[in-house]
Amino acid sequence: MRKPAFFTILFLILALLLLASLFWSPRDFLTRRLATAMIVNSPAFKSPQQFWLHTGVVSNQDYLSPDTLVLLQRGWLSATNARCPDGIAPPPCWDIALTPSGVDTFSALMSPADSDKPSFAIPAARRELVAITGISKQGAAADVDFTWKWAPINEVGSAIYPPDLRFHSTVAFRRYDDGWRLVTSTFHSGQTIDDALKNAEPAR
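Residues numbered from 1 in each chain as written. Predicted model: local features only at pLDDT ≥ 70, side-chain atom pairs only at ≥ 80, totals over all residues. Heavy atoms only, no water.

### What to know about the nonpolar core
In plain terms, the rule: Here, nonpolar core refers to any group of buried Ala, Val, Leu, Ile, Met, Phe, Trp, Tyr and Cys residues whose side-chain atoms link them within 4.5 Å. A 1.4 Å probe rolled over the protein chains alone gives each residue an accessible area, and that area as a share of the maximum for its type sets the label: buried under 20%, exposed over 50%, partly exposed in between. In this text, helices come from DSSP runs of H or I with a minimum length of four residues, and strands from runs of E with a minimum of two, each type numbered from the N-terminal end. Two residues qualify as a contact provided that any one of their heavy atoms is within 4.5 Å of a heavy atom in the partner residue.
Counting 42 residues, the largest nonpolar core has Ile39, Phe51, Phe106, Phe146, Val171 and Phe173 as the members making the most contacts within it. Looking at which element gives the most residues to this core, the answer is strand β5 (residues 119–138), with six residues. Non-local contacts of phenylalanine 51, meaning those with residues more than four positions away in its chain, are made with Asp67, Leu71, Phe106, Phe120, Ala121, Ile122, Ala124, Val156 and Ile160.

Rendered as structure tokens:
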């Protein structure tokens, strides 16, 4: 008598699970795993970071920028004093150029159409989610805190982006009839994923 009862209970449990699966989806529950998947698969998060290189005559402020100083230290750029053109002040100004080593490094990364341009962009890093640090829910809205970092995708990215630097962001989620969604427009309250990444602060 025990075996039929056992199989009956097992059948009822499976039937209930099957019935429940018809009325809910994994997106009904905003877990850290779901938040992670939705953040890392969003176009804004997956978009690579573009690094802009400016050659030619630049201001002293641009010359002293951390990125320029790193490239100078790597031997990829050279700089000589130059007369400031109209619109750039105060002096001194600097004439920035790629060294032979810099040409070898950047030519493999830049678009052929940009080879003769004084300024051009190259992809240098991608975002990497480190952890979901908190979820705050209030009704059909939620704020998700997370930390992330830049993951270099080439030699230039490795030089520009410190490997230990972390950023903190907060993004809004909203619950709909089909489950939770990442907020991607400004029509709803809360910070969109684009704004969350733009307004990121160094994590402490």
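### Overview of the sheet that holds strand β3 (residues 77–82)
Condition: Strand pairing follows a simple DSSP-based rule, namely that at least 2 bridges must link the two strands. Note on method: axes are straight lines fitted to C-alpha atoms, helices fitted across the in-contact stretch only, with angles between N-to-C directions ranging 0 to 180 degrees.
As summarised here, the arrangement of the three strands in space is β2-β4-β3, forming an open sheet in which the pairing is antiparallel. Across the chains shown, the open sheet's two edge strands, defined by having one partner strand only, are β2 (56–59) and β3. The sheet shows a mean angle of 35° between the axes of neighbouring strands, taken without regard to direction. Two strands pair when backbone bridges link them, and β2 and strand β4 (residues 93–98) are joined in this way by four bridges, in the antiparallel orientation. Paired with serine 59 across the strands is cysteine 93, a residue of β4.

### Some words on the side chain of threonine 99
Here is the rule we go by: By the criterion applied in these results, polar contacts are pairs of N or O atoms within 3.5 Å in which, for protein atoms, one can donate a hydrogen and the other can accept it, and in which residues neighboring in sequence qualify only through two side-chain atoms.
With respect to the helices, strands and loops of the structure, threonine 99 is situated in the loop between β4 and α6 (100–107). For threonine 99, a relative accessible area of 15% gives the class buried. A polar side-chain atom of threonine 99 sits 2.5 Å from the main-chain carbonyl oxygen of glycine 75. Apart from the residues within four sequence positions on either side, threonine 99 is in contact with Gly75, Trp76, Leu77 and Ser78.

### A word on the state of the cysteines
Short version of the rule: The term disulfide is used for any two cysteine sulfur atoms that are within 2.5 Å.
Counted under the stated rule, the structure contains one disulfide. There is a disulfide in this structure between cysteine 84 and cysteine 93, and the S-S distance comes to 2.0 Å. Disulfide cysteine 84 to cysteine 93: torsion about the S-S bond roughly 110°, handedness right-handed.

Such coordinate-based values are descriptive only and should not be taken to indicate function.
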